[in-house]
Amino acid sequence: MVSGFRFSCAALRMGRGGGILCWKRASAFRFLVSSGSPTGIKRLLSTDELGPRICIVGSGPAGFYTAQHLLKHHRLAEVDIYEKLPVPFGLVRFGVAPDHPEVKNVINTFTQTARSDRCSYYGNVTVGKDITVKELQKAYHAVILSYGAEDNRTLGIPGEDLAGVYTARAFVGWYNGLPENRDLKPDLSSETAVILGHGNVALDVARILLSPLEILRKTDITEDSLAVLARSKVKRVRLIGRRGPLQAAFTIKELREMINLPSVRPLLDPADFKGLGDAIRDVPRPRRRLTELMVKTALEEPGEEVAGRWASASREWSLKFLRSPLEVLPATDGKRARAIRMAVTRLEGSGETAKAVPTGEVEDVLCGLILSSIGYRSLPVDPAVPFDSKQGIIPNSSGRVLGAPGLYCSGWVKRGPVGVIITTMNDSFDTAQSVLEDLQSGALDVSKAKGGFELVRSVLKSRGICPVSFSDWEKIDAAEMARGKLGGKPREKIVDPQEMLQLIGR
Amino acid sequence: MAASSAVPLLLRAAAASCHRLLSASRVAANRSPSRFFHASAPARLSSEDKVTVHFITRDGDKLTAQGKVGDSLLDVVVDNNLDIDGFGACEGTLACSTCHLIFEDHIFEKLDAITDEELDMLDLAYGLTETSRLGCQICLQKSMNNMVVRVPETVADVRQSIDIGKNP
């Protein structure tokens, strides 16, 4: 297979030799690092010429892409990145599925950015708690909020708190070693799992639940998660959505992966897909191709090889449409989930904006494991920052926070928790561009020198907060990779922040 | 399905890339352009194996660079340090669409068949056209000498690009 070869060819190029070579490859094509003046001289020059001091809150892709664009297009800008956790990279580390290591290659470029002599990383600092946004604004000419979406939307139905019901966000955090979810220990003793939602997170969760262990074992999934998954009884995963196939939010790459998953068979109900061919003739290409793949899988006879693979599969997944959750029903003990009651819906309107309205009919699906994957949600970081709680974003225009000069935002907190890496990249470049425009027009006043981190450091010190530097992170990184090597995997994540801090001598 | 004739070319690409990977790591230590190492390496690097490519950037500038037969267009951008914002974020692993390029019709028609996986990523590309491909999947051939590829516009680029404090 040529396509297979292309993948492995790329993997060979990128994977060989681990992090060091990877990073060096990245360094060959990233022009971020300044032209070779020794560290220190740059700082001296910039105090002479008064470069703008900018800080970014959050070290995920939005934070790093914003920093990258600023550093690249402003010769004197100094950018400090603050992060709540000791370790950087946000959802690239804690959101991207462990079996998608290719996406994590963006870390090589982020590392390049962090190593620039005009960029500093300060982990273990919670903005809004350890230091306020107002205090940051005193220390910096511009403050950019890129802290993402740390919460999730809730179902708001009875029984949501029963044992066996989890949010996909917590489940993802758990298998990815997010400290706050490390003790989740989900109960996977039910043969049927229901995932509420038809987005890429829903498919990620389904894939982790269904993938053969030997695949997961070679990833950076945490050892604890692997042990729980090894005892999993889950055989079938039902992905349930309120609307129809034409409104599914997942993207085609993730769907194709599900269809091709070894030892797993897709079960798509042909009735859901008949007649869709006409409906998609005039829709944009991504929607058309996504629907075509579902239609093909549901309606066409698979080839001999695929048919054989599906027949012998030990696990399966299915898509169920036009069902809206009403209530999680308890088992006789009153504590555990036994089933989920769904309202049957029909669509009002068509296309992307179609609405699901209940028909009055109700249906129960028996299942002891329920994962709600109906979206992430941003939270306000500080009362001083405007926040639109209805939309879950900071109100802004091209990243300029409305009514708050000197404040900017990028990433999910700017436009809502949707999109893939390129979406966040473009969006972050857009915000950085706004900052550059404001610097050029004078809207952003840089005539007065700002204290930057030196000022922040003294505030943090008075509160007993000791930030983690990027070189500290590199020690943690090296320790994680060394532990991973012992287990035959790329990395064994440290899930306890205290252990991370001990490792760097705190 | 891609034609099986593409395989030898890809094998060569893999070999070339591995070679390039090694030199890149040495280059990083020496702070010299990677081209330099290629120029000093074995016979494959004679001038007739070089293919010239012109990139039209988002600002309309023309960047001209050379690569070897078998190199991918991502390799060409990387090896020549071409300044294209955000290009090749996933480093050629078909996990993003940041190396999206737009080809001339006559070149596009002769490119190797496209895989489903590349089409899947192109679905998420900005400014998709009828002659769009991912640069990481296109390997240089002699017949591509002097071709012109265009970097698509992104949302942010509708605005005028700004560089502050850069020496012209």
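The shown structure was predicted, so the numbers you read here are calculated from the model rather than taken from an experiment.

**Student:** Go over the overall build of chain B with me, naming the residues and quoting the values.
**Tutor:** Along chain B, the regular secondary structure elements total five helices and five strands. Ordered by position from N to C terminus, the α and β elements of chain B give α-α-β-β-α-β-α-α-β-β. Going through the 168 residues of chain B one by one, you find that 56% of them count as buried. Within the structure as shown, chain B displays about 7400 Å² of accessible surface, and the carbon and sulfur contribution to it stands at 52%.

**Student:** Could you give an account of the nonpolar core, with specific residues and numbers?
**Tutor:** Residues and elements named next belong to chain A. Ranked by size, the top nonpolar core spans 52 residues in total, and within it L209, L229, V237, L239, L255, M294 and W317 carry the most contacts. A per-element tally of this core places helix α9 (residues 200-210) first, with seven residues. The contact partners of M294, leaving out residues within four places of it in the chain, are P245, A248, F250, L255, L268, F273, L319 and F321. V92, I144, M425 and L444 belong to the second-largest nonpolar core, a separate cluster that totals 49 residues.

**Student:** If you had to explain the packing of aromatic side chains to someone new, which residues and values would you point to?
**Tutor:** Residues and elements named next belong to chain A. Applying the stated criterion to the full structure yields 15 aromatic pairs over all chains. The interplanar angle of 45° and the centroid separation of 5.3 Å between the aromatic rings of F171 and W174 together place this pair among those described as tilted. Placement of the pair is F171 and W174 together in helix α8 (residues 168-175), with a separation of three residues, close to one helical turn. Owing to a relative accessible area of 0%, F171 belongs among the buried residues under this scheme. W174 gets classed as buried once you look at its relative accessible area, which sits at 3%.

**Student:** I'd like to hear about the UniProt feature "binding site: NADP(+)" (unreviewed entry) in chain A, residue by residue, with values.
**Tutor:** All names here are of chain A. On the UniProt side, "binding site: NADP(+)" (unreviewed entry) is annotated at positions that read H198, G199, N200, V201, R242, R243, E254 and G419 here. Within the secondary structure, R242 sits in the loop between β8 (236-240) and α12 (252-259). By relative accessible area, R242 is classed as partly exposed at 48%. Look past the residues within four positions of R242 in its chain and what remains in contact with it is L322, R323, S324, P325, T345 and A356.

**Student:** Break down helix α18 (residues 421-441) of chain A for me, citing the residues and quoting the values.
**Tutor:** Helix length check: α18 of chain A, at 21 residues, gives a terminal C-alpha distance of 30 Å against a target of 30 Å (1.5 Å per residue), a fit within 8%. With 18 of 21 residues buried, α18 of chain A is to be regarded as a mostly interior element.

**Student:** Pulling in residues and values, what's your account of the sheet that holds β8 of chain A?
**Tutor:** Residue and element names in this part refer to chain A. Ordered by their spatial adjacency, six strands build an open sheet running β6-β14-β7-β8-β10-β9, and the pairing between neighbours is parallel. Of all strands in the sheet, those with a lone pairing partner are β6 (165-167) and β9 (264-267), marking the two edges. Averaged over all pairs of adjacent strands, the angle between strand axes in this sheet comes to 20°, irrespective of strand direction.

**Student:** Describe unusual backbone geometry, with residues and values.
**Tutor:** Non-glycine residue N124 of chain A carries a positive phi angle of around 70°. As for its position among the elements, N124 of chain A is in the loop between β3 (119-122) and α7 (133-139).

**Student:** Tell me about the sheet that holds strand β11 (residues 323-330) of chain A, residues and numbers included.
**Tutor:** Either a parallel or an antiparallel arrangement is found when strands of a sheet pair, and the pairing is made through backbone hydrogen bonds. Residue and element names in this part refer to chain A. Sheet architecture is open: three strands sit in the order β11-β12-β13, paired in antiparallel fashion. At either margin of the open sheet sits one strand with a lone partner, and together these are β11 and β13 (355-366). The average undirected angle you get between the axes of adjacent strands in this sheet is 20°. Relative to β13, strand β12 (residues 337-348) runs antiparallel, the two sharing nine bridges. Paired with L347 across the bridge in β13 is A356.

**Student:** Which residues make up the pairing of strand β2 (residues 78-82) of chain A, and what values do they have?
**Tutor:** Residue and element names in this part refer to chain A. With five of five residues buried, β2 lies mostly within the body of the structure. The two faces of β2 match: E78, D80 and Y82 on one face and V79 and I81 on the other face are all buried. Note: strand β1 (residues 53-57) against β2, five bridges, orientation parallel. Across the sheet, I54 pairs through a bridge with V79, a residue of β2. You can see the chain leave β1, run along helix α4 (residues 61-73) and come back into β2, and the turn it takes is right-handed. Two elements, β2 and β3, share four bridges in a ladder whose sense is parallel. Pairing of V79 across the sheet is with C119, part of β3.

The rules behind the values
The residue numbers shown here count from 1 along each chain, following its written sequence. Each chain gets a letter, beginning with A, and each ligand a number, beginning with 1, in the order they are written. Only residues with pLDDT of at least 70 are given local features in this predicted model, and only at 80 or more are side-chain atom pairs given and counted; all residues enter the totals for whole chains, interfaces and linings. Side-chain measures here rest on the full set of heavy atoms in the structure, leaving out hydrogens and waters. Here a strand is any run of E in DSSP of at least two residues, a helix any run of H or I of at least four, and the numbering for each starts at the N terminus. Think of it in three bands: residues with accessible area under 20% of the maximum for their type are buried, residues over 50% are exposed, and the middle band is partly exposed, with areas taken using a 1.4 Å probe on protein chains only. Surface accessibility follows the Shrake-Rupley procedure with a 1.4 Å probe radius. Residue values consider only the protein chains on display as shielding. Nonpolar core, defined: a set of buried Ala, Val, Leu, Ile, Met, Phe, Trp, Tyr and Cys residues in which side-chain atoms within 4.5 Å join the residues together. By definition in these notes, contact holds between two residues if any of their heavy atoms fall within 4.5 Å. Note on ring pairs: Phe, Tyr and Trp rings are taken, using the six-membered ring of Trp, and paired if centres are within 6.5 Å. Classes follow the plane angle, with under 30 degrees stacked, over 60 edge-to-face and the rest tilted. UniProt positions are given in the numbering used here, feature names are shortened, and annotations may be inferred rather than shown by experiment. Expected span of a helix, by definition, is 1.5 Å for each gap between consecutive residues, and there is one gap fewer than residues. Only strands that DSSP links by at least two bridges are regarded as paired with each other. Every angle, taken between N-to-C directions, lies between 0 and 180 degrees, and every axis is a line fitted to C-alpha atoms, over only the stretch in contact when it is a helix. Place the viewer so that the strands point away; then a crossover is right-handed whenever the path from the first strand over the helix to the second strand goes clockwise.

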